[in-house]
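Next come the chains, spelled out residue by residue.
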Amino acid sequence: MVYHDIVIIGGGPAGMAAAVAAYDAGCIDVVILDREPHLGGILMQCIHNGFGLHKLGKELTGPEYAAVYEEAVRKRNIQVYAETTVTAVSTDKIVTAQNRNGILQIQAKAAILAMGCRERSRGALNICGSRPAGVYSAGTAQKLVNCMGYQVGKKVVILGSGDIGLIMARRMHWEGAKVEAVCEIMPYSGGLPRNIAQCLEDFDIPLYLSTTIVQIHGKKRLEGVTIAQVDDKRQPIEETKRYIPCDTLLLSVGLIPENELTRSAGIPIDPITNGAFVDENCQTKIPGIFACGNVLQVHDLVDYVSEEAERAGLGAAKFVSSGENRNHSIETKAGYGVRYVLPQTITATQEDVSLFLRVTEPFGKVKFSVSNGENILTTAKKLKATPGEMEKITVKAAFLQNITGPITVSLEAL
Amino acid sequence: MKRKLICIICPRGCSLCADMQENQVTVYGNACPKGREYAINECTNPVRTVTATVRVFNRYNTMVSVKTCVPVAKDKMMDVMKVLRETQVKAPVHIGDVILKDICGSDIVATKTVY
């Protein structure tokens, strides 16, 4: 058994930012475990730019953003167990892992979960048809192309218009492939308008909304897909079926927080976010175990991941020095128009609390209200709100005093 | 003549309107000066930043990610890609290293360190 004060599972942007924050808060015995030979997590395959504008004031590529934190980790001499896969976490903070040296067990005083997320697969979508080569999740194709230099295909159809699908549409086009179409089952795209412009419009790649893939064709290699429009219940409309020849299908159909370890440990998980229930310091229902980054909620901007991870790192450092200190328990609830609110519990009311949320569908001008029973604690107006863009509303400490009952966040279309 | 655009400079993606009158372009909807500059460029001389990869020949199946230091003319994007396809570098490569000079008006720099 090895002993460390804080163990961080995952060395991507969340893990690195949490480590730096914990260290700077005085807890210098913090270690990062990551399964890759290097730090950086998913950023290392996100070679496009758009990272860091809020946090660092400049627009960097994924690897460049990662390098800033990697340098911060290295400067502080924070120990990294690389090529180390965690196989279990227990509620008494024993982390079991394995690497070239065999099995490793670390007894920690606090643990931070920063495992990121994985992609939803074809199996989860139940797309009919044969199982030829050429069907990839968008992230897998991204790794193969960007890190390893493979050409994954020449004639591409993409299912899912979230940012990963859009970014890969451009990437494949730049690498000489013909991108035939991006299909999106919803009547709106899940990606940033910026990406619609620079990934699809720039290259005249068609975007078919309310469209899905109903069949995959091909024996050894993908030969084509049958697409169809869907009705308002997202069911395919038979008469709209159309065949598109292609040799590559990229699936960009959802990210799932990687919480296998969390589940096995018995740490309670919110079925709406698919991440742990947490408080404003990212502490889970298990004292001393924190969660941050995509493993907690799927983020759109890495800048917010870093901020969230800093809260977790600070929280873990405080836990190590002064133990369990949660005496309040104000629940938050999602009201009309809001799909989820994080944190689900507020445990201290001396400081302002930032609430993070996503809306249920695209809205134009809205007014968000944070209320407690009949009392409105704070409001925020936005010109538009879409499910693909996380919103942040700060509630001042003064308004959190003497609250009984839950705090609800809802919206009103203006 | 009015033209609607989405600004691509930052993730905000402001909806812009560029009004082109004779030689003047007036921009509406930008939340910052970069948006105004983007809209004017789109109407007169559209440019794009290219982010791609270059093979590291002395490492197995390894690419180094690169970018154009400054945006290049939009219609030169594929020319940049053509040059990158023919380029190989030798590890170690460090973030910020200039891989190629002046390709279609921009240097190409590494955005990752490969040891």
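Please read all numbers here as calculations on a predicted model, not as lab measurements.

Asks: I would appreciate a short explanation of the overall build of chain B in the present structure.
Replies: The helix and strand tally for chain B stands at 2 helices and 10 strands. Its helices and strands taken in sequence order, chain B reads β-β-β-α-β-β-β-β-α-β-β-β from the N to the C terminus. Computed over its C-alpha atoms, the radius of gyration of chain B comes to 17 Å, more than 25% above the 13 Å expected for a compact globule of 115 residues. By principal-axis analysis of the C-alpha atoms, chain B measures approximately 55 × 25 × 20 Å. Contacts in chain B between residues far apart in sequence, at least 24 positions, make up 42% of those at least 6 positions apart.

Asks: So what exactly am I meant to see when it comes to the side chain of D19 of chain B here?
Replies: Residue and element names in this part refer to chain B. Within the element layout of this structure, D19 appears in strand 2 (residues 15–21). The charged side chain of D19 is buried without a salt bridge, its nearest counter-charge being K2 at 4.4 Å. A polar side-chain atom of D19 sits 3.0 Å from a polar atom in the side chain of Q21. The contact partners of D19, leaving out residues within four places of it in the chain, are M1, K2, Q24, V25, T26 and Y28.

Asks: I'm lost on the interface of chain B and chain A in this one. Help?
Replies: As a measure of interface size, the accessible area lost when the parts come together is often cited. Facing 28 residues of chain B, the contacting portion of chain A comprises 32 residues. Regarding the contact of chain B and chain A, the summed buried area is about 2,600 Å², with carbon and sulfur atoms giving 55% of it. Summed over the shared surface of chain B and chain A, the result is 4 salt bridges. The closest approach of N and O atoms between R85 of chain B and E175 of chain A, which form a salt bridge, is 4.0 Å. At the boundary of chain B and chain A, one finds 10 residue pairs in polar contact (both at pLDDT 80 or more). Secondary structure elements with two or more residues in the side of chain B that touches chain A: strand 5 (51–56), strand 6 (63–68) and helix 2 (77–85) of chain B. Taken together, the residues of the side of chain B that touches chain A break down into 14 nonpolar, 8 polar and 6 charged.

Asks: Help me understand the pairing of strand 16 (residues 224–229) of chain A, please; the structure alone is not making it clear to me.
Replies: A regular strand places its side chains so that they alternate between the two faces of the sheet. Residues and elements named next belong to chain A. Summarising burial for strand 16: 5 of the 6 residues are buried, a large majority. Bridge count between strand 15 (residues 211–217) and strand 16: 6 bridges; the pairing is antiparallel. Paired with I213 across the bridge in strand 16 is I227. The loop that links strand 15 with its antiparallel partner strand 16 comprises 6 residues; one of these, G218, has a positive phi angle of about 135 degrees. Here strand 16 pairs with strand 17 (residues 242–245) via 4 bridges, running antiparallel. Within the sheet, the bridge partner assigned to V225 lies in strand 17 and is I244.

Asks: Quick question: what am I supposed to make of the pattern of salt bridges here?
Replies: Side chains that differ in charge, positive against negative, can pair when their charged atoms come close. All names here are of chain A. Applying the stated criterion across every chain yields a total of 25 salt bridges over all chains. For R76, the salt bridge goes to D24, with nearest N and O atoms at 2.8 Å. One end of the pair, R76, is in the loop between helix 3 (62–75) and strand 5 (79–81); the other, D24, is in helix 1 (residues 13–24), with 52 residues separating them in the sequence.

Asks: I tried to follow the sheet that holds strand 1 (residues 2–6) of chain B on my own but got confused; where do I start?
Replies: To summarise the sheet geometry, strands pair through backbone hydrogen bonds and adopt either a parallel or an antiparallel arrangement. Residues and elements named next belong to chain B. Judged by pairing direction, the sheet is antiparallel, and its 3 strands sit side by side in the order 1-2-3 without closing on themselves. Two strands lie at the open edges of the sheet, namely strand 1 and strand 3 (24–28), each paired on one side alone. Looking at each pair of strands side by side, their axes are set apart by 25 degrees on average, direction ignored. Pairing of strand 1 with strand 2 involves 5 bridges; the strand directions are antiparallel. Pairing of R3 across the sheet is with A18, part of strand 2. Along the sheet, helix 1 (residues 33–44) contacts strand 1, strand 2 and strand 3; its crossing angle with strand 2, the most-contacted strand, is approximately 50 degrees.

Reading guide: rules and limits
Residues numbered from 1 in each chain as written. Chains lettered and ligands numbered in written order. Predicted model: local features only at pLDDT ≥ 70, side-chain atom pairs only at ≥ 80, totals over all residues. Heavy atoms only, no water. Helix = DSSP H or I, 4+ residues; strand = E, 2+ residues; numbered from the N terminus. Rg over C-alpha atoms; globule rule 2.2 N^0.38 Å. Contact = heavy atoms within 4.5 Å. Buried < 20%, exposed > 50% of the residue type's maximum accessible area, 1.4 Å probe, protein only. Lys, Arg positive; Asp, Glu negative; His and termini not counted. Salt bridge = Lys/Arg side-chain N within 4 Å of Asp/Glu carboxyl O. Polar contact = N/O pair within 3.5 Å; in protein donor to acceptor, adjacent residues only side chain to side chain. Buried area = accessible area lost by both parts, 1.4 Å probe. Nonpolar A, V, L, I, M, F, W, Y, C, P; charged D, E, K, R; others polar. Pairing = 2+ DSSP bridges. Axes fitted to C-alpha atoms, helices over the stretch in contact; angles between N-to-C directions.

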